[in-house]
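# Inside the fold
Letter by letter, the chains look like this.
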Amino acid sequence: MSSTFISHAADHPAPTAFPWIADGLALGGDYSPEQWPDEVWAEDVALMREAGVNSVNLGVFSWGLLEVANGEFDWGWLDRAMDLLHGAGIGVNLATPTAAPPMWLLQAHPEIATVDADGRRTGPGGRLSWSPSSATFRRYALRMVRALAERYAEHPALRMWHVSNEVGNENGWTYDDETVAAWRVWLEEHYGDVAALNAAWGSAFWGHHYTAFSQVGGPRHSRTSHNPGMLLDFERFTSQALLGHVIAEREVLREVTPNVPITTNFMVQHSPGVDDYRHWTGEVDLVANDHYTMGPDPRRASELIFSAARTRGLAEGRPWLLIEHSTGAVNWQGVNRAKGPGELRLDSLSHVAGGADGTLFFQWRASTAGAEQFHSAIVPHAGADSTIFRDVTALGADLRSLAPIRGSRVEAAQVALVFDHESSAAWRSGPKPTTLFRDIDLPVRLVEALSERGVAVDVVPAQADLRGYRAVLVPTVYLAQDGLAESLRTAAEAGASVLVSYLSGIVDPSNRVIPGGYPGAFRELLGVRVDEFFPLFEHERVRLDDGAEADLWTERVALDGAEARIRLDSGDLAGTPALTRHAVGAGAAWYLATRPERAGLERILDELLAEAGVAPVAPADRGLVLARRRHEGSASYLFAVNRTEQPLGLQASGTDLLTGENVDGRVEVPARGIRVIQESAR
Ligand code: GLA
């Protein structure tokens, strides 16, 4: 990718060895000693050792306490914290503190702050209030980063740099003047001339014809919706502007400490987020992700599996780090529910099953003051005499037992599920046929049905090589990236069963509808043609002729080579196809034109998996979630996660690393329990 915003990346080679940040799997969290008096620090370190903490993120948000006035640094407390942690054998992921600019800087340069679409400038007092295109902010931030890097370059506690924090979270969208100027430069680089921009955006609509790039505004407040092509491009630009900041910090760190690995915490799950991590992963030495389960979501365990698989997909199968999650309640979900019995352990180890080489939490000790005073932590307000602290200590013991799996990879799945960030961005650009659609809804439903069957799934970007998968799922991939239709055809011709759903392949990468009948990009592959959408109202349902019900979406499908397998049996479209199959080479391309309820979706999936010859990770009872990690050419580890209230069994042979027990034959996994079996040679 080339652009003004990242072309200044110098050629410092990234460290090549996997950046082990801990001696085993990592356990720990964000540590903010600056919020506590010295006597608490001593207790912190004693408790960290008791819990088995071996890795902390230090210094996040501490700029105002390090650079106390313009150019005046106070390292005292951080020196002491680094020494203390090193003395206790705890590795530090030292954060550049740039996520929260200091008050003196905001006072001197209010123009560095983000501006919302209505023109309101963000005031001091929050975090990530800076614009990634602000030259002034960049200058101050890089000076801080350099000073920090020089100070701690040789410190033995330093294991990894943690660039800023969740870049793009609160500053994902800004419409300040410097941003708009940078956006025009980006457009010019991207399109070359304004005629190309007019063509891509279809700017003849409402006569939005541009004769100069300087006429393009940022998508600031407008009483109507903006052009969808413009909105999608503004997201692309913003993601690159944010990444440009991360790279600028990284370059300073690489220059000062060429051998210290560098990461930044992604928010892969944050689907309305602007960061397109496909372009970010190549810029960090380790993919690290923040993940928070949504308390009221009954599918939260499956969403976790989906997010972990998505993170692994971005990391191209390499181990990654869960750099933040929560021990219990968060403070930003309305009703902030604590985790249920065993949930902390199951969540943590499910991420490990998904390829994480450690699980860190936000945060070590619950704050008593500040905006996050009711967020859970490893040491809650109640102190160490608490369920959470005991649970984390038990997790520490589990992770020590699982140390042998460090560095192993999750075995490639037989099923791929395509998820495309730009599809989500395109869908949220302007009015669409329904407001009831959520981008991760169908993907998570499919992941849930697969994992209940013990079937593993890789979540991959639209550009991934799909050869080798027995089944390929394309759920609501609204935007068709160049090459996707071709790679689906290649997979089908080679024998794969491809399942494409409603709201896939509707627009091209310029966010323009592909004309001629939906789904334009995949019409030929699927052998169908849709001439009109019929989205359903909330709570409206239709019957299918296999006895199932469906909701959310219907459309008028005509067969054009495919055969109908299920038809709608009620409503305006009764009799039209709802599920079709088109034989393609040695495989098939299926089309699902509605959203069947659970049992209906499962029946369809069962048929598809049977046709494709997809096998579960191991023979097991329905409901047990399975994954296998493997060291190349040697040991393999079978994870079996039971989130149900009954014991469930699987066939396995080897040693349970968590209990030390040798097993052979049917192995029981207790209710809300997990087994990790180091398998006898297979
Ligand atoms: C994010 C941030 C943390 C904290 C948590 C709260 O992950 O990175 O600083 O605010 O959310 O859940």
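Residues numbered from 1 in each chain as written. Predicted model: local features only at pLDDT ≥ 70, side-chain atom pairs only at ≥ 80, totals over all residues. Heavy atoms only, no water.

## Description of the overall build of the protein
Counting its secondary structure elements, the protein contains 16 helices and 29 strands. Once the C-alpha set of the protein is aligned to its principal axes, its extents read approximately 75 × 75 × 45 Å. Buried positions account for 59% of the 682 residues belonging to the protein. Within the protein, contacts between residues separated by at least 24 positions form 72% of all contacts whose residues are at least 6 apart in sequence. As displayed, the protein offers around 26,000 Å² of accessible surface, 50% of which is attributable to carbon and sulfur atoms. Charge-centre separation for the protein: the mean point of 60 positive side chains lies 3 Å from the mean point of 88 negative side chains. (Helix = DSSP H or I, 4+ residues; strand = E, 2+ residues; numbered from the N terminus. Buried < 20%, exposed > 50% of the residue type's maximum accessible area, 1.4 Å probe, protein only. Contact = heavy atoms within 4.5 Å. Areas by Shrake-Rupley, 256 points an atom, 1.4 Å probe, with all protein chains shown as cover. Lys, Arg positive; Asp, Glu negative; His and termini not counted. Charge placed at Lys NZ, Arg CZ, Asp CG, Glu CD.)

## Digging into the site of the ligand
Residues in contact with the ligand, as listed here, are Phe61, Arg127, Asn165, Glu166, Asp290, Tyr292, Glu324, Trp332, Phe362, Glu372 and His375. Arg127 is positioned such that a nitrogen or oxygen atom in its side chain is 2.9 Å from an oxygen atom of the ligand. In the environment of the ligand, an oxygen atom lies 2.8 Å from a nitrogen or oxygen atom belonging to the side chain of Trp332. About the coverage of the ligand: the protein hides 97% of its 300 Å² of free accessible area. (Near = heavy atom within 4 Å. Polar contact = N/O pair within 3.5 Å; in protein donor to acceptor, adjacent residues only side chain to side chain.)

## Some details on the packing of helix H1 (residues 38-51) against helix H3 (residues 76-87)
Direction vectors running N to C along H1 and H3 enclose 25°, while the axes themselves pass 10 Å from each other. Judged by the angle between their axes, H1 and H3 are roughly parallel. H3 is crossed by H1, and the crossing has right-handed handedness. Contacts from Asp38, Trp41, Val45, Met48 and Arg49 of H1 reach H3 at Trp77, Arg80, Ala81, Leu84, Leu85 and Gly87. (Axes fitted to C-alpha atoms, helices over the stretch in contact; angles between N-to-C directions. Parallel < 35°, antiparallel > 145°, perpendicular 65-115°, else oblique. Left-handed = near helix turned anticlockwise from the far one by under 90°.)

## Here we look at helix H8 (residues 228-256)
Side chains three or four residues apart in an α-helix point the same way, a direct result of the helix having 3.6 residues per turn. Its 29 residues give H8 an end-to-end C-alpha distance of 43 Å, which sits within 8% of 42 Å, the value for a rise of 1.5 Å per residue. Buried residues dominate H8, accounting for 25 of its 29 residues. Structurally, the start of H8 carries an N-cap: the backbone nitrogen of Gly229 is 2.7 Å from a side-chain oxygen of Asn227. (Expected span 1.5 Å × (residues − 1).)

## Side note on the packing of helix H9 (residues 300-314) against helix H10 (residues 343-353)
Contact geometry for H9 and H10: axes closest at 9 Å, N-to-C directions at 25°. The orientation of H9 relative to H10 falls into the category roughly parallel. Seen along the crossing, H9 lies across H10 with a hand that is right-handed. Between H9 and H10, the contacting residues are Arg300, Leu304 and Ala308 on the first element and Glu343, Asp347, Ser350 and His351 on the second. Of the residues belonging to the contact of H9 with H10, the class tally is 2 nonpolar, 2 polar and 3 charged. (Nonpolar A, V, L, I, M, F, W, Y, C, P; charged D, E, K, R; others polar.)

## As for the side chain of Thr263
Within the secondary structure layout, Thr263 lies in strand E7 (residues 262-263). Judged by relative accessible area, Thr263 falls into the buried class, the value being 0%. Those residues in contact with Thr263 that lie beyond four places of it in its chain are Met160, Trp161, His162, Val163, Val284, Leu286, Val287, Ala288 and Ile323.

## Concerning the domain arrangement of the protein
Here the protein is partitioned into domain 1 (26-407), domain 2 (415-612) and domain 3 (625-679). For domain 2 versus domain 3, the distance between C-alpha centres works out to 33 Å. (Domains from an automatic or database assignment.)

## As for the packing of aromatic side chains
Evaluation of the coordinates by the stated rule reveals 24 aromatic pairs. Relative to Trp186, the ring of Trp183 lies with its centre 6.1 Å away and its plane at 20°, an arrangement referred to as stacked. Of the two residues, Trp183 and Trp186 are both situated in helix H6 (residues 177-191); the distance of 3 residues between them amounts to about one turn of the helix. Residue Trp183 shares its accessibility class with Trp186, and that shared class is buried. Between Trp427 and Tyr478, the aromatic rings sit 5.2 Å apart at their centres with planes inclined by 90°, giving edge-to-face as the arrangement. In this pair, Trp427 sits in helix H12 (residues 421-427) while Tyr478 sits in the loop between strand E15 (471-474) and helix H14 (484-493), placing the two residues 51 residues apart along the sequence. With a relative accessible area of 7%, Tyr478 lands in the buried category. Through a chain of ring-to-ring contacts, three or more aromatic side chains come together here, namely Tyr175, Trp183, Trp186, Trp201, Tyr210, Phe234 and Phe237. Between the NZ or CZ atom of Arg365 and the centre of the ring of Trp36, over which it lies, the distance is 5.4 Å. (Phe/Tyr/Trp six-rings, centres within 6.5 Å; stacked < 30°, edge-to-face > 60°. Lys NZ or Arg CZ within 6 Å of the ring centre and 35° of its normal.)

## Some remarks on H6
The first and last C-alpha atoms of H6 sit 21 Å apart over 15 residues, in line with the 21 Å expected at 1.5 Å per residue. Looking at the buried side of H6, the elements it contacts are helix H7 (194-201) and H8. With a side-chain oxygen positioned 3.3 Å from the backbone nitrogen of Glu178, the residue opening H6 is Asp176. Just past H6, the residue Gly192 takes up positive phi, approximately 80°.

## Brief notes about the sheet that holds strand E27 (residues 648-656)
Taken in spatial order, the 6 strands line up as E12-E25-E26-E29-E27-E28 in an open sheet, and their pairing is antiparallel. One side of each edge strand has no neighbouring strand; the edge strands of this open sheet are strand E12 (409-410) and strand E28 (662-669). Across 6 bridges, the pairing between strand E25 (residues 625-630) and strand E26 (residues 636-642) is antiparallel. Paired with Val625 across the bridge in E26 is Val641. Set on the sheet, H10 makes contact with E12, E25, E26 and strand E29 (673-679); between it and E26 the angle comes to about 145°. (Pairing = 2+ DSSP bridges.)

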